[in-house]
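Spelled out, the chains give:
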Amino acid sequence: MAAQRRRAAAVLGGPAGVRASPSGTGGAVARAAREPSDRQREAPRPGAARARPLGRALRSAVLALGLALLVAACRVDTGVHVDVEDAGSGTVTVVFNADAAAVSRVPELAGGLLLDDARAAGWAVEGPLFRADGGVQVRAAKRFESAGQLPQVLEEVAGKDVIFDRVVLEQTRSFAETSYRFEAGIDPTPPLDAFSDGALAQIFEGQPFGRPLQDLIAEAGAPEDSLGFELSLTLIDSEEILSASVGAYGVESAPEDEMAELSPEVDGSTAAWRFSYGDRPVRVGASTVVSDTLAPLWLNIARVAGAAFAAVLLGVGVARLVALLRAPRGRGRRATRRRQQRAAVREAEASRPRKRLLRLLVVDVHGVIVRPTDPREGLLLPVILGENPDIDPELVRDRHRMLVLGRLTAEEFWSDLGLGPIGREVETRYLSSFKLVPGLHPFLDRVAGRSLPVAAVGNQPREWGLRLRRMAELEDSVSSWLVSGEVGAVLPERPLFEATRRVMSVDLYDCLYLSSVPEYLDAASDMGMATGYFAASPEDVQETEHTLIRGYDDILRGRSPGA
């Protein structure tokens, strides 16, 4: 609480009424956010025995910073994304974005926010991440295990009934269908004093932010142009139609043109509502019905199979009757014929190859888990040339090959390229630029439900592979993650596949390998593995003899391994 009071005082001027100028805002915020007060050093914080929710951890730091940036005519946007999975569980992700102008005015933004309490409350915090446009982004995510937990998680974002009110998530199941309904009240213009507390008001002589809010808003000029809020909702990542709505809430009526401006944008199974500070409270809703196409299909198959089985039994009975009537008398000929038939069956079985058992799914990191397929040319070279345009691209390629073979450390790699002092920053920017292939996590959840282990292979240094695995939240869903830097050989060489086989204790003949590089698939096929050419988009499709898989949506529609 003491740190919160110091941050609010530094940003808003304190009880003496001294205003922080736009040029000095950043230093005051950063110092208050990272330097504990004397009262903090002398006594423990009230409630230190339990973790505070995200709203308590970020309200004084982020909202006070937002007010300071608002006065400085910068842009601050907050987004909340709710991703609902088929079991009624899911993830709430909060994304805080400050534009380049905010970063230039508050250069300490990268290290000035105290987020340990949010992490202690179960939020996975990532950032600050540097955006390509010069801004900074902070992300925080937390899972909810059932539909009933979603209101509690959203309450932690800003406090009870501050932004979200009367949140409802319902899941209704029937034969071959599951219905989902989401409703919530949204107040995009909450009272700003809700982000302070009584202790601050006492310190600042009745003003929770040290100065009247009217003065702050008057300095901002147009808060609706500086503070933005977005709620996006994904109700089951599928091809079913999602319907979304918005209506007036907590007011007598609302102009139709204003409701039209707040109408959600629907893209597939995702709906997004965008607001500006000053918009009226609304009630948003969305619903979808997911059809289980396999249930009716299997029912029809069972009916057909039953009819076919009855027909076969009838045919066998008739055939045996005819055979008995036509068979020559005496048991000698009949016994000889049966022995010949059994010998022919045994010979056919002996010559038949062993049945392939799918016991392990092996996927390429680049192209199947993240994009792009060729990160060296598509991401690494542009990032390095952006820092040092005079560097020789062939030198970068040579050092990168040494790096992925494990013959150079990351520090040596950046030092050889002349980027030693900023190497780690460039590395973080490079790894943050990877994009997860759409549908990855739903596909891994489906595979996990069928008890099929997944192993990842790729051309990476070990340290980068571990960081990318953590950033993609794949520690639990991918059983093995072996990269070239650990083995000393790159794809499509055999050692990387052999190492995975030994770690997972399976035969390569029982492995299915997915890759976006035909050369890698050819090598895996020569080793006896089943192969699938993975094309995440139509532009990636190349001519190849391997089975074509058009992204995870193609698999989830019924061609999932192990289905």
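This text goes with the structure placed above it.
1. Remarks on the pattern of salt bridges
When their charged atoms lie close together, side chains carrying opposite charge are able to pair. Counted by the stated rule, this structure contains 22 salt bridges. Its salt-bridge partner being Asp416, residue Arg399 comes within 3.2 Å of it at the nearest N-O pair. With Arg399 in helix H15 (residues 393-404) and Asp416 in helix H16 (residues 410-416), this residue pair connects regions lying 17 residues apart in the sequence. Residue class for Asp416 comes out partly exposed when judged on its relative accessible area of 37%. Linked through salt bridges whose partners overlap, the residues forming this network are Glu411, Arg424, Glu427, Glu463 and Arg467.

2. Describing a nonpolar patch on the surface
A cluster of nonpolar side chains, Leu314, Val318 and Val322, forms an exposed patch at the surface whose accessible area comes to about 260 Å². Relative to the helices and strands, Leu314 resides in helix H11 (residues 294-326).

3. Some remarks on the nonpolar core
If you look at the biggest cluster of nonpolar residues, it comprises 47 residues, and the most contacted ones within it are Trp123, Leu231 and Val284. Among residues more than four places away in sequence, those in contact with Val284 are Phe182, Glu183, Ala184, Ile186, Leu231, Ser245, Val246, Trp273 and Phe275. Grouped together as the second largest cluster of nonpolar side chains are 46 residues, Val363, Val365, Leu440 and Phe534 included.

4. Topic: the side chain of Thr531
Note on placement: Thr531 falls in strand E18 (residues 530-534). Look at Thr531 and you get buried, because its relative accessible area is 15%. Engagement of the side chain of Thr531 in a polar contact is seen with the side chain of His546, the distance being 2.8 Å. Among all residues touching Thr531, those that are not within four sequence positions of it are Leu512, Tyr513, Leu521, Ala524, Ser525, His546 and Thr547.

5. A short note on the packing of helix H17 (residues 423-432) against helix H19 (residues 462-471)
Two elements in contact, H17 and H19, have axes whose closest approach is 11 Å; the angle formed by their N-to-C orientations is 50°. In terms of their interaxial angle, H17 and H19 are classed as oblique. In this structure, H17 crosses over H19, and the sense of that crossing is right-handed. Taking contact as the criterion, the partners of Arg424, Glu427, Thr428, Tyr430, Leu431 and Ser432 in H17 are, on H19, Glu463, Trp464, Arg467, Leu468 and Met471. The residue makeup of the contact of H17 with H19, split by class, is five nonpolar, two polar and four charged.

What counts and what doesn't
- Residues numbered from 1 in each chain as written.
- Predicted model: local features only at pLDDT ≥ 70, side-chain atom pairs only at ≥ 80, totals over all residues.
- Heavy atoms only, no water.
- Salt bridge = Lys/Arg side-chain N within 4 Å of Asp/Glu carboxyl O.
- Helix = DSSP H or I, 4+ residues; strand = E, 2+ residues; numbered from the N terminus.
- Buried < 20%, exposed > 50% of the residue type's maximum accessible area, 1.4 Å probe, protein only.
- Patch = residues over 30% accessible without salt bridge, like charges linked within 9 Å, V, L, I, M, F, W, Y side chains within 5 Å.
- Areas by Shrake-Rupley, 256 points an atom, 1.4 Å probe, with all protein chains shown as cover.
- Core = buried A, V, L, I, M, F, W, Y, C linked by side-chain atoms within 4.5 Å.
- Contact = heavy atoms within 4.5 Å.
- Polar contact = N/O pair within 3.5 Å; in protein donor to acceptor, adjacent residues only side chain to side chain.
- Axes fitted to C-alpha atoms, helices over the stretch in contact; angles between N-to-C directions.
- Parallel < 35°, antiparallel > 145°, perpendicular 65-115°, else oblique.
- Left-handed = near helix turned anticlockwise from the far one by under 90°.
- Nonpolar A, V, L, I, M, F, W, Y, C, P; charged D, E, K, R; others polar.

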